[in-house]
Amino acid sequence: MASDIIFLHAPSVYDFRKKPIFYGPISDVVPSSPVFEMYPIGFMTMSSHLEAAGYRTRIVNLAVQMLQSAKFDAEKKISKLDAKVFAIDLHWMPHAHGALEVAKLVKKHHPDSVVELGGFTSSYFHEELIQRPEVDMVMRGDSTEMPHVTLMDALTKGKDLSDVPNLTWKDKDGRIHVNELSFVPDDLDWLKFDYGTMIRNTLRHRDIKGALPWLGWDKLPLASVFTVRGCSYNCAECGGSAFANKRLLCRNRPAFRSPEKLAEDIDSIGDYLKAPIFVIGDIRQQGNGYAERLFEEIKKRKIDNHLAFELFKPADEEFYRMAESALGEYSVEFSPDSHDERVREALGRNYDNESIERTVRKAFDHGCTRFDLFYMTGLPEQTRESALDSARASKRLWELVDKDDGLFIYNAPFAPFVDPGSRAFEDPERWGYRFFARTLEEHRALLDNPSWKHVLSYETKWMTRDDIAEVSYDAALELARMERKCDRISKEVFDERVERTTNARTMLKRIDKILLIKDAREREEGLWAIKEEAENLMASTVCNKKDLDWKTGSIWSNAPRITLGLMRNALRKR
């Protein structure tokens with residue numbers, strides 16, 4: 001079935017199945033695999049606006065299908081697709097390889113179609129991207145739903161593209177044009193947020209596997225809503241910080257979705273799925289009044305989906321009381337990144353360890369059933385001992401709560417790249433970074449390396465690339481020891497974790513030795529000889545990735561709810 005626009009999601013490295021790659025722990029603390037097969041939520045909102053404007057859309061997650069089956073032929077799939085525009089996300093930097101290779105294949109098989117790239121990374125590197133022969137246009141900005149409707153109107157009617165906001169494009173003679181990045185909305189209440197669009201499109205194309213947000217989502221679905229675009233905070237390493245938003249996206253202040261609209265979004269997801277919902281962005285960014293209004297709306301609507309809230313700084317007891325009153329039970333995600341107050345201060349997170357301890361303890365006093373806390377290795381001012389101290393500090397946190405309280409603590413490397421547009425990327429000397437890649441092409445080339453350590457785009461004054469890799473494994477072992485001391489895991493689980501982390505470290509060293517072989521053919525043969533063994537260590541190398549799973553039913557158990565939700569939605573539109 002022909003589409004007006006198809007949204008394509010590529011794996012981080014396009015031909016990862018045909019390369020001897022050891023990914024290591026780079027995705028241990030996110031739902032997707034190291035292939036980063038999770039597509040951005042913007043696919044759904046852009047589809048919603050385009051469908052409402054009368055355009056046929058489709059989401060095709062190539063990365064998921066490539067993971068699902070070794071026999072899946074991505075190029076053959078691309079060749080059979082039919083659309084006027086192929087929109088490929090290059091939102092996160094780790095897709096610098098896959099997105100460009102997919103763009104080449106689309107242009108090869110559909111030379112008359114428009115190949116468009118978009119997302120944060122595309123916005124940053126739009127001038128470099130538009131020089132590439134496989135790229136016809138780049139859509140910049142964080143809110144491209146309405147610009148996409150304007151774009152499709154112009155393409156359909158054969159109009160000049162000069163009036164399409166946020167667009168970098170080539171004309172038929174190959175001349176490059178950079179339109180003003182003028183669509184930067186002050187709020188998000190205009191946004192169409194409808195999971196039903198994704199479900200209807202999946203049914204229309206009879207392609208459930210191809211539209212999954214990430215591998216395994218059908219078995220353990222997790223939905224998400226966002227409170228804001230932009231940010232009030234200025235964390236040094238974050239490409240979504242206030243600094244990066246102003247410099248890159250012309251956003252001088254955050255754009256919020258009102259608490260009432262946010263509650264409506266959460267409620268509408270409940271029409272289709274009895275699944276946990278992750279609320280993206282700290283709901284206190286616009287002040288405590290925002291959180292209070294949201295919890296009042298949640299209570300009024302009697303929302304019964306489990307909600308997970310993101311904290312950018314410690315929360316007070318009143319916040320947890322409101323959450324408990326509205327929901328009874330809920331979860332919390334919090335990333336202090338380091339237990340070392342000096343490191344946090346360098347990052348721009350100015351709160352003390354006592355406040356971290358207090359926010360963890362108070363959460364479980366008031367209805368929190370799961371609290372995920374994240375530390376990282378490879379940060380400014382962070383030495384080896386500092387990184388290990390973060391792992392050791394977990395013991396203190398676990399001792400503050402009951403043994404059965406769901407406190408999960410993770411420690412993973414800051415990988416693979418420092419975000420372009422972040423303060424650290426733009427002024428590396430100030431934060432003690434040294435970079436191995438600055439351009440898009442240099443980042444793309446790094447992704448082709450066989451070892452996750454050599455993919456790292458940086459080292460610091462305090463730790464080299466080798467140090468960061470070694471300390472990542474050291475911290476993982478230290479964290480496991482603390483978890484065992486607190487009797488949070490059994491001896492069998494502890495032994496298995498230690499064995500897996502040790503094997504992963506050994507694999508890294510084996511790859512280092514193979515890379516020293518001068519003969520290219522012999523070196524390649526050596527890497528292929530250990531590919532299968534390395535792939536078996538691809539997930540859960542420094543933590544138990546299954547700890548990230550929420551208890552939920554599969555999408556198949558949600559089938560009756562989905563059917564009723566689609567019917568109710570259709571009746572509302574009459």
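Residues numbered from 1 in each chain as written. Predicted model: local features only at pLDDT ≥ 70, side-chain atom pairs only at ≥ 80, totals over all residues. Heavy atoms only, no water.

Quick notes on the overall build of the protein chain
Turning to step 1, where the next piece is worked out: In terms of helices and strands, the protein chain carries 24 helices and 17 strands.
Turning to step 2, where the next piece is worked out: Taken over the C-alpha trace, the protein chain has a radius of gyration of 23 Å; the compact-globule value for 574 residues is 25 Å, and the two agree within 12%.
Turning to step 3, where the next piece is worked out: Referenced to the eigenvectors of the C-alpha coordinate spread, the extents of the protein chain come out at roughly 70 × 65 × 45 Å.
Turning to step 4, where the next piece is worked out: Taking all 574 residues of the protein chain together, the buried fraction comes to 60%.
Turning to step 5, where the next piece is worked out: Contacts in the protein chain between residues at least 24 apart in sequence constitute 75% of all its contacts with a sequence separation of at least 6.
Turning to step 6, where the next piece is worked out: For the protein chain, the computed accessible surface area is about 23700 Å², with 49% contributed by carbon and sulfur atoms. (Helix = DSSP H or I, 4+ residues; strand = E, 2+ residues; numbered from the N terminus. Rg over C-alpha atoms; globule rule 2.2 N^0.38 Å. Buried < 20%, exposed > 50% of the residue type's maximum accessible area, 1.4 Å probe, protein only. Contact = heavy atoms within 4.5 Å. Areas by Shrake-Rupley, 256 points an atom, 1.4 Å probe, with all protein chains shown as cover.)

A closer look at the sheet that holds strand S4 (residues 114-118)
Turning to step 1, where the next piece is worked out: Taken in spatial order, the seven strands of this open sheet run S2-S1-S3-S4-S5-S6-S7, and their pairing is mixed. One side of each edge strand has no neighbouring strand; the edge strands of this open sheet are strand S2 (57-61) and strand S7 (176-178). Neighbour to neighbour, the strand axes of the sheet diverge by 20° on average, direction disregarded.
Turning to step 2, where the next piece is worked out: Bridge count between strand S5 (residues 137-139) and strand S6 (residues 167-170): three bridges; the pairing is antiparallel. In the strand pairing of S6, Val138 is matched with Thr168.
Turning to step 3, where the next piece is worked out: Set on the sheet, helix H4 (residues 96-109) makes contact with strand S1 (3-9), strand S3 (83-89) and S4; between it and S3 the angle comes to about 170°.
Turning to step 4, where the next piece is worked out: Each of S1 and S2 is contacted by helix H8 (residues 195-205), which is oriented at about 80° to S2, the strand it contacts most. (Pairing = 2+ DSSP bridges. Axes fitted to C-alpha atoms, helices over the stretch in contact; angles between N-to-C directions.)

Some details on a negative patch on the surface
Turning to step 1, where the next piece is worked out: A cluster of acidic residues, Glu292, Glu296, Asp316 and Glu318, forms a negative patch on the protein surface.
Turning to step 2, where the next piece is worked out: Relative to the helices and strands, Glu296 resides in helix H11 (residues 288-301). (Patch = residues over 30% accessible without salt bridge, like charges linked within 9 Å, V, L, I, M, F, W, Y side chains within 5 Å. Salt bridge = Lys/Arg side-chain N within 4 Å of Asp/Glu carboxyl O. Lys, Arg positive; Asp, Glu negative; His and termini not counted. Charge placed at Lys NZ, Arg CZ, Asp CG, Glu CD.)

So, the nonpolar core
Turning to step 1, where the next piece is worked out: Membership of the largest hydrophobic core comes to 89 residues, with the highest contact counts inside it found for Ile283, Phe295, Tyr320, Phe371, Leu373 and Leu407.
Turning to step 2, where the next piece is worked out: Per-element tally for this core: the top contributor is helix H12 (residues 317-327), with six residues.
Turning to step 3, where the next piece is worked out: Leave out the neighbours within four places in its chain, and Leu407 touches Val360, Phe364, Phe371, Leu397, Trp398, Val401 and Arg488.
Turning to step 4, where the next piece is worked out: Core analysis: the next-biggest nonpolar cluster, separate from the first, contains 80 residues, Val35, Val135, Leu456 and Leu508 among them. (Core = buried A, V, L, I, M, F, W, Y, C linked by side-chain atoms within 4.5 Å.)

What to know about the packing of aromatic side chains
Turning to step 1, where the next piece is worked out: Taken as a whole and assessed by the stated rule, the structure comprises 24 aromatic pairs.
Turning to step 2, where the next piece is worked out: An angle of 70° between the planes, with centres 4.7 Å apart, marks the rings of Tyr124 and Phe125 as edge-to-face. The same class applies to Tyr124 and to Phe125, which are both buried.
Turning to step 3, where the next piece is worked out: The interplanar angle of 80° and the centroid separation of 5.5 Å between the aromatic rings of Tyr433 and Tyr458 together place this pair among those described as edge-to-face. With Tyr433 in strand S16 (residues 433-435) and Tyr458 in strand S17 (residues 458-460), this pair connects stretches of sequence that are 25 residues apart. Residues Tyr433 and Tyr458 agree in their burial class; the two are buried.
Turning to step 4, where the next piece is worked out: Three or more aromatic residues joined by ring pairs form one cluster here, namely Tyr124, Phe125, Phe414, Phe425, Tyr433, Phe435 and Tyr458.
Turning to step 5, where the next piece is worked out: Above the face of the Phe319 ring, Arg284 is positioned so that its terminal group lies 5.5 Å from the ring centre.
Turning to step 6, where the next piece is worked out: Sitting over the ring of Phe425, Arg438 keeps its end group 4.0 Å from the ring centre. (Phe/Tyr/Trp six-rings, centres within 6.5 Å; stacked < 30°, edge-to-face > 60°. Lys NZ or Arg CZ within 6 Å of the ring centre and 35° of its normal.)

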